[in-house]
Amino acid sequence: MTGTYLLKAKISPDCRQFVTCSSDQTARIFDITRHDNSGFIPSLSLTLSQHNKWVWDAVFSADSSYLVTASSDNIARLFNLRTGEVVRKYEGHQYAVTCVALNDSST
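What counts and what doesn't
- Residues numbered from 1 in each chain as written.
- Predicted model: local features only at pLDDT ≥ 70, side-chain atom pairs only at ≥ 80, totals over all residues.
- Heavy atoms only, no water.
- Salt bridge = Lys/Arg side-chain N within 4 Å of Asp/Glu carboxyl O.
- Helix = DSSP H or I, 4+ residues; strand = E, 2+ residues; numbered from the N terminus.
- Buried < 20%, exposed > 50% of the residue type's maximum accessible area, 1.4 Å probe, protein only.
- Contact = heavy atoms within 4.5 Å.
- Pairing = 2+ DSSP bridges.
- Axes fitted to C-alpha atoms, helices over the stretch in contact; angles between N-to-C directions.
- Polar contact = N/O pair within 3.5 Å; in protein donor to acceptor, adjacent residues only side chain to side chain.

(A) Representation of the pattern of salt bridges within the structure. Inspection of every chain in the model, using the stated rule, returns 4 salt bridges. For the salt bridge of D57 with K10, the shortest nitrogen-to-oxygen distance reads 2.9 Å. Of this pair, D57 sits in strand β7 (residues 55–60) while K10 sits in strand β1 (residues 6–11), and the two are 47 residues apart along the sequence. Judged by relative accessible area, K10 falls into the partly exposed class, the value being 28%. We note a salt bridge from R77 to D73, for which the minimum N-O separation is 3.1 Å. The buried category is assigned to D73, whose relative accessible area is 11%. One salt-bridge network, in which partners are shared between bridges, spans K8, K10 and D57.

This is the structure:
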């Protein structure tokens, strides 16, 4: 898409997928389990388009089942990656949410 920027990309803890954050208001999940002699063959598995401004950052849960996103729409969202649905919205920020971190360890 013309005029959009890839802002960040991260690999999941299980190394089976990666996410891209974009100025086109989406986070995209790619499956990276397929490969050939030349390397990985990523395939788009899910597009998260619930934000209405730039998506700046994202972080996977430890089990790679959930994703938290940060956006200029002043909201962080927690997604279930099996369904693509928003599990929780973290609202009330006065300005853009530009980074997120997640500590979901059981220890």
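(B) Examining the environment of E85 more closely. In this fold, E85 is placed in the loop between β9 (76–80) and β10 (86–90). On the basis of relative accessible area, E85 is assigned to the exposed category, the value being 53%. A sequence separation of 10 residues divides E85 from I75, and the C-alpha atoms of the two residues are 15 Å apart. If we ignore the near neighbours within four places in the chain, the residues touching E85 are L78, F79 and N80.

(C) Layout of the environment of A58. Mapped onto the elements of the fold, A58 is located in strand β7. Residue classification places A58 among the buried residues on the basis of a relative accessible area of 0%. Linking A58 and K8, residues 50 residues apart in sequence, is a C-alpha distance of 8.1 Å. In contact with A58, other than residues within four places in its own chain, are K10, V19, C21, L67, V68, T69 and V100.

(D) Region of the structure containing the sheet that holds strand β8 (residues 66–71). Pairing is antiparallel across the open sheet formed by 4 strands, whose spatial order is β7-β8-β9-β10. Both outer strands of the open sheet, β7 and β10, are each paired with one neighbouring strand and no more. Sheet twist, expressed as the mean angle between neighbouring strand axes with direction ignored, is 20°. Bridge analysis of β7 against β8 gives 5 bridges, and the strand direction is antiparallel. Pairing of D57 across the sheet is with A70, part of β8.

(E) Molecular detail of the pairing of strand β3 (residues 27–31). One ladder, built from 5 bridges, connects strand β2 (residues 17–22) with β3; its direction is antiparallel. Considered in β3, the bridge of T20 is made with R28. In this structure, the hairpin formed by β2 and β3 is closed by a connection of 4 residues, where Q25 is found at a positive phi of approximately 75°.

(F) A look at the side chain of N80. Tracing the backbone through its elements, the reader meets N80 in strand β9. Of note is the side chain of N80, whose polar atom sits 3.3 Å from the backbone nitrogen of T83. In this view, N80 contacts S65, Y66, E85 and V87; residues no more than four positions away in its chain are not counted.

From the geometry alone we can't say anything about function, so treat these as descriptive.
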